[in-house]
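Residues per chain, in single letters:
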Amino acid sequence: MASMLDITVEVATDDIMFEKFINLIENKTGELHSREVAIHAGLLHDAIYLYAMGLDTVLGHGGTVQNGSMIIDALINTSFSGMTGKVIIDTNGTRKANYHLHNIQNSHYVTIAVSNGSMGGMSHYHGADIVWPGGKLITPLGRPVCGWKGEMCLGQDNSVTIIVTTVILFCVLVAFFLTVSIKMYRKKQRQGRLSSMSWKIAFESLNTSVDRRLHKTRSSRFMSRDTLKTVAMESFPSLNIMRASMESDSSGGDQLFAKIAIYDGTAVAVKMVRKNYLAITPEVVTEINQIIHLKHNNINPLMGACVDPFKVCLVSEYCNRGSLQDVLENDDIKLDRIFKLSFAHDIARGMAYLHQSPVKTHGQLKSSNVLIDGHWVCKITDIAMPKFREGERSSSRGQHAQFYSKLWTAPELLRAPCEYATGTPKGDVYSYAIILQEIILRTGPYGYINEDPEDIISRVKVLEHPPYRPKVPQDAGEETLLDLMRICWEEIPMFRPNFINVVETLRNANNGKTTNLVDQMIHMMEKYADHLEDLVNERTKRLEEEQQRTDELLCRMLPKSIASDLKMGKRVVPETFECVTIFFSDIVGFTVLSSESTAMEVVDFLNDLYISFDTIIENYDVYKVETIGDAYMVVSGLPVKNGKRHAGEVCTMALDLLSCVTTFRIRHRPHKQLQLRIGIHSGPVAAGVVGLKMPRFCLFGDTVNYASRMESCGLALRIHISPECKCILDELGGFSTKCRGDISVKGKGTIRTYFLLTKEGFDKPLPDLRLAASLEEHEFK
Ligand SMILES: Nc1nc2c(ncn2[C@@H]2O[C@H](COP(=O)(O)OP(=O)(O)OP(=O)(O)O)[C@@H](O)[C@H]2O)c(=O)[nH]1
Ligand SMILES: [Mg+2]
């Protein structure tokens, strides 16, 4: 038996009455019974006895045997000594007794607890727990959670229903949405499959009439021999220098060239595929879509393909500088370190992107499949499309050209061409190494080796020690590119880096800066602009200094006001001045002195003298008109009029100059007294600028001659003034003069002239007249 729970009444088996009762049963039945049977027989006895007591009472009260409830009532609160011990029925009709709870555990009959009939409560046997069916120790519920008929969950009934309903609804909805989504997804897939054909280009939409097939020469030593028979160059008027290659073999078979066309308003390169028809299988669609979806600055976009019968071709964006091979072979294009690094960087970046894309490999990376756009950015093109080009007729290019095109192929791919039809990422890295060699040396692959491509291929295929590779001198240039090239053409593919490593290396080589050519150019232009700014500033400063010097010179040659008028482009009109004072000085005996001196001595002497004079006259409101030999001419009262002050200014200046003579020493005649003779006259004058090449401010009128006469008729170390000048001096006051007497002046007749002696407050020393030259030494004109 797996489990059983048994509740029995405690029977006083040791009671004498019970012993007697057992004996009686044994006698009556003639069998020896187990104690358990005897107990149950005792219990039956007591039960019948109790019933009989109740029935007796009911019958005693006139009741009948059918009157069950009366019988029960009659038993309440009764007691008697039964076979199983004292039988006590309490007020509830319950027999008060000790009950035993038994349980079968591991096939043993175990007592779990005993109730105390008189005291109430239960005493558990230590360590005994009820073991329920299934060996469980947790007491099962006496009834279901919600009662036998769900009456206990009447309040919660709704929420359960709601939860259940919601779950069902949710499941239905999910199922519905799933069905709808699957249907929509399938529809979208169908549409996608349709739209994925958007790459299809109708051949008629390609305007190939612009394509004049500008053929190019390929100067490579590997292309010569029996290839490239036809080479012609034409100008391309409608499009900016568009180049395409044309190669034909000696047998004059198919021609392979990159055609140029206009599609959708832009120039495109059309690459013909040597196939008459193309079966558009899902693989072809996937392949072409994967390539079309490549979007990277260093990948030349494939725009679509034409699958019209006999016109199967691939259409890609046109790059106007041609392929890297074209650029490298063009000696007119100078490529410095920055360009080379930029090319290497561009290709590596494009390849890194390609390898991470679903396309995964290029498969035919070579310098002719790297194009260069107008901004000198490299764009990778002609990614291998094995599905699209499956069944393509073999190229009509000669064997030489076919082997030549394999010079970029990695040795492991040369050894197992079928196994790696689409190439491998590490195979692309090898091809990149050969491109690096081309960039470094600016030659074709294996540039300096005069060997047939076929021989080169077989040597690369056979594992030589060391492996056969292009020979690049260590001093060939850019060290980073050299190192990169060597590691990229490692024999064991695993040892070659990936393109992400290559990009990193190139970036580090450039101090973490990008080698993008446009950035470099902008940087250079910025630097150039800065330099230009400095240059402009410096030149402007120099110009300003020059201008200042010119101004100063002009101001020395012309009166300031006249000079500024001239600078401003104003016309300087000749002007008459009512009264000005003109000063002339001359050196008595200059002719003799000059004849006794060298030219340089004379120049030095006059230079010393005029520097001293020029310094002195700066203190007066005068303008030095000119110096002619030893003659010095000064005027006051023009071009800015100064009333009558002109006579006072000139005369005071004359005294100052005469005073200067007392100390002035002729360098080569230090002991000789300089015999300065001064003449001054005041009167009207006309003034104006004459000449164009060397404009001069000149004074005209009789006053000039008169003043000159005053000087020529004067005496050494004396200031000889005209009566007109004296008159003004008198008006001004403070000047002391002395009458010289009447002298005959040419054109003037006889006039009374004066010597200016001094001026009030003038305390500078004047020359000792005793040192003046004798009259014989004067050359009176
Ligand atoms: N200017 C310019 N020239 C192009 C363009 N595409 C191809 N070419 C020229 O066409 C030449 C030959 O290109 P392809 O016909 O692709 O021949 P290939 O690159 O030698 O060989 P595969 O690509 O392997 O078939 C290149 O070297 C370029 O000079 C382009 O977009 N612009
Ligand atoms: Mg190509």
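For the structure itself, look to the data block above.
Just so you know, the residues in each chain are numbered from 1, in the order the chain's sequence is written. Chain labels run from A onward and ligand labels from 1 onward, assigned in the order the entries are written. The model is predicted, so local features are restricted to residues of pLDDT at least 70 and side-chain atom pairs to those at 80 or more, both for listing and for counting; the totals for chains, interfaces and linings are taken over all residues. Calculated side-chain values reflect all of the structure's heavy atoms, with hydrogen atoms and water omitted.

Caption draft 1: Main features of the overall build of the protein chain. Summing up its helical and strand segments, the protein chain has 20 helices and 22 strands in all. Relative accessibility under 20% of the residue-type maximum defines a buried residue, over 50% an exposed one, and the middle range a partly exposed one, all with a 1.4 Å probe and only protein chains included. The 781 residues of the protein chain split such that 44% are buried. Contacts are assigned to residue pairs with any non-hydrogen atoms lying within 4.5 Å of each other. In the protein chain, 66% of the contacts between residues at least 6 apart in sequence involve partners at least 24 apart. In this description, accessible areas are obtained by the Shrake-Rupley approach with a 1.4 Å probe, and a residue is regarded as covered only by the protein chains that are shown. Element-wise, carbon and sulfur atoms account for 57% of the exposed surface of the protein chain, whose accessible area totals about 43,300 Å². A run of DSSP states H or I qualifies as a helix once it reaches four residues; a run of E qualifies as a strand once it reaches two. Both are numbered from the N-terminal end.

Caption draft 2: Highlighting the coordination of the magnesium ion (ligand 2). Protein coordination at the magnesium ion (ligand 2) comes from N369 (OD1) and D382 (OD), with a distance range of 1.9 Å. Remark: D382 occurs in the loop between β14 (378-380) and α8 (399-404) and N369 occurs in the loop between α7 (337-356) and β13 (370-372); sequence separation between them is 13 residues. Donors, by definition, are the N, O and S atoms found within 2.8 Å of a metal, the threshold being 3.2 Å for Na, K and Ca, and water is not counted, so a site can look incomplete.

Caption draft 3: Main features of unusual backbone geometry. In the segment running from H465 into P466, the intervening peptide bond is cis, with an omega of -5°. We note that N77 has phi near 55°; this positive angle belongs to a residue other than glycine. Mapped onto the fold, N77 is located in the loop between α3 (68-75) and β2 (79-82). For N77, a relative accessible area of 55% gives the class exposed. Unlike most non-glycine residues, D382 shows phi in positive territory, near 50°.

Caption draft 4: Region of interest: the environment of G117. Examined against the element boundaries, G117 turns out to sit in the loop between β6 (108-115) and β7 (122-124). On the basis of relative accessible area, G117 is assigned to the buried category, the value being 16%. Expressed as a C-alpha distance, the spacing of G117 and K96, which sit 21 residues apart in the sequence, is 5.0 Å. With residues up to four places along the chain from it excluded, the contact list for G117 reads K96, A97 and N98.

Caption draft 5: Just the packing of α7 against helix α13 (residues 499-509), in detail. At a minimum axis distance of 8 Å, the contact between α7 and α13 shows a crossing angle of 155°. As far as their axial angle goes, α13 and α7 are roughly antiparallel. When you trace α7 past α13, the crossing you get is left-handed. Residue-level contacts link R337, L341, A344, H345, A348, R349, M351, A352, H355 and Q356 of α7 to F499, I500, V502, V503, L506 and A509 of α13. Class assignment of the residues belonging to the contact of α7 with α13 gives a composition of 11 nonpolar, 3 polar and 2 charged. In this description, a line fitted to the C-alpha atoms serves as the axis of each element, helices being fitted only across the stretch in contact, and the angle between N-to-C directions of two axes falls anywhere from 0 to 180 degrees. Reported orientations rely on four angle classes, namely roughly parallel under 35 degrees, roughly antiparallel over 145, roughly perpendicular from 65 to 115, and oblique for the rest. The hand of a helix crossing depends on one turn: near helix anticlockwise from the far one by less than a right angle means left-handed, and clockwise means right-handed. Asp, Glu, Lys and Arg are counted as charged, while Ala, Val, Leu, Ile, Met, Phe, Trp, Tyr, Cys and Pro are counted as nonpolar; the rest, among them Gly, fall into the polar class.

Caption draft 6: A look at the sheet that holds strand β3 (residues 85-89). Pairing is antiparallel in the open sheet, where 3 strands are placed in the order β2-β3-β4. Sheet topology places β2 and β4 (95-96) at the edges, where each strand pairs with a single neighbour. The pairing criterion is simple: DSSP has to find at least two bridges between the two strands. Of the strand pairs in this sheet, β2 and β3 are connected by 4 bridges, and their pairing is antiparallel. For S81, the partnering residue across the bridge sits in β3 and is K86.

Caption draft 7: Here's a closer look at the packing of aromatic side chains. Only centres within 6.5 Å qualify two rings of Phe, Tyr or Trp (six-membered ring in Trp) as a pair; their planes then separate them into stacked at under 30 degrees, edge-to-face at over 60, and tilted for everything else. Applying the stated criterion across every chain, the model contains 14 aromatic pairs. Ring geometry for F339 against W376: centres 5.5 Å apart, planes inclined by 90°, an arrangement best described as edge-to-face. Remark: W376 occurs in the loop between β13 and β14 and F339 occurs in helix α7; sequence separation between them is 37 residues. Judged by its relative accessible area of 15%, F339 is buried. Seen in terms of ring centroids, Y432 and F499 are 5.2 Å apart; in terms of plane orientation they differ by 80°. Their pairing is edge-to-face. One end of the pair, Y432, is in helix α10 (residues 425-441); the other, F499, is in helix α13, with 67 residues separating them in the sequence. What links up through ring pairs into an aromatic cluster is the set F339, F343 and W376. The rule is short: NZ of Lys or CZ of Arg within 6 Å of the ring centre and within 35 degrees of the ring normal puts a charge over the ring. Against the face of F755 rests R718, its NZ or CZ located 4.7 Å from the ring centre. Positioned above the aromatic ring of Y754, the side-chain terminus of K726 is 5.0 Å from the ring centre.

Caption draft 8: The arrangement of the sheet that holds strand β1 (residues 5-9) in detail. Sheet architecture is open: 4 strands sit in the order β1-β5-β6-β7, paired in antiparallel fashion. Unpaired on one side and paired on the other, β1 and β7 mark the two borders of the sheet. Adjacent strand axes in the sheet meet at a mean angle of 30° when their direction is disregarded. One ladder, built from 5 bridges, connects β1 with strand β5 (residues 99-105); its direction is antiparallel. Paired with I7 across the bridge in β5 is L101.

Caption draft 9: Main features of the pattern of salt bridges. Here, a salt bridge means any Lys or Arg side-chain nitrogen found within 4 Å of an Asp or Glu carboxyl oxygen. Under the definition given, this model contains 25 salt bridges. For E504, the salt bridge goes to R507, with nearest N and O atoms at 3.9 Å. In this pair, E504 and R507 both sit in helix α13, 3 residues apart, roughly one turn of the helix. According to the relative accessible area criterion, E504 is partly exposed, its value standing at 39%.

By themselves these figures say nothing about function.
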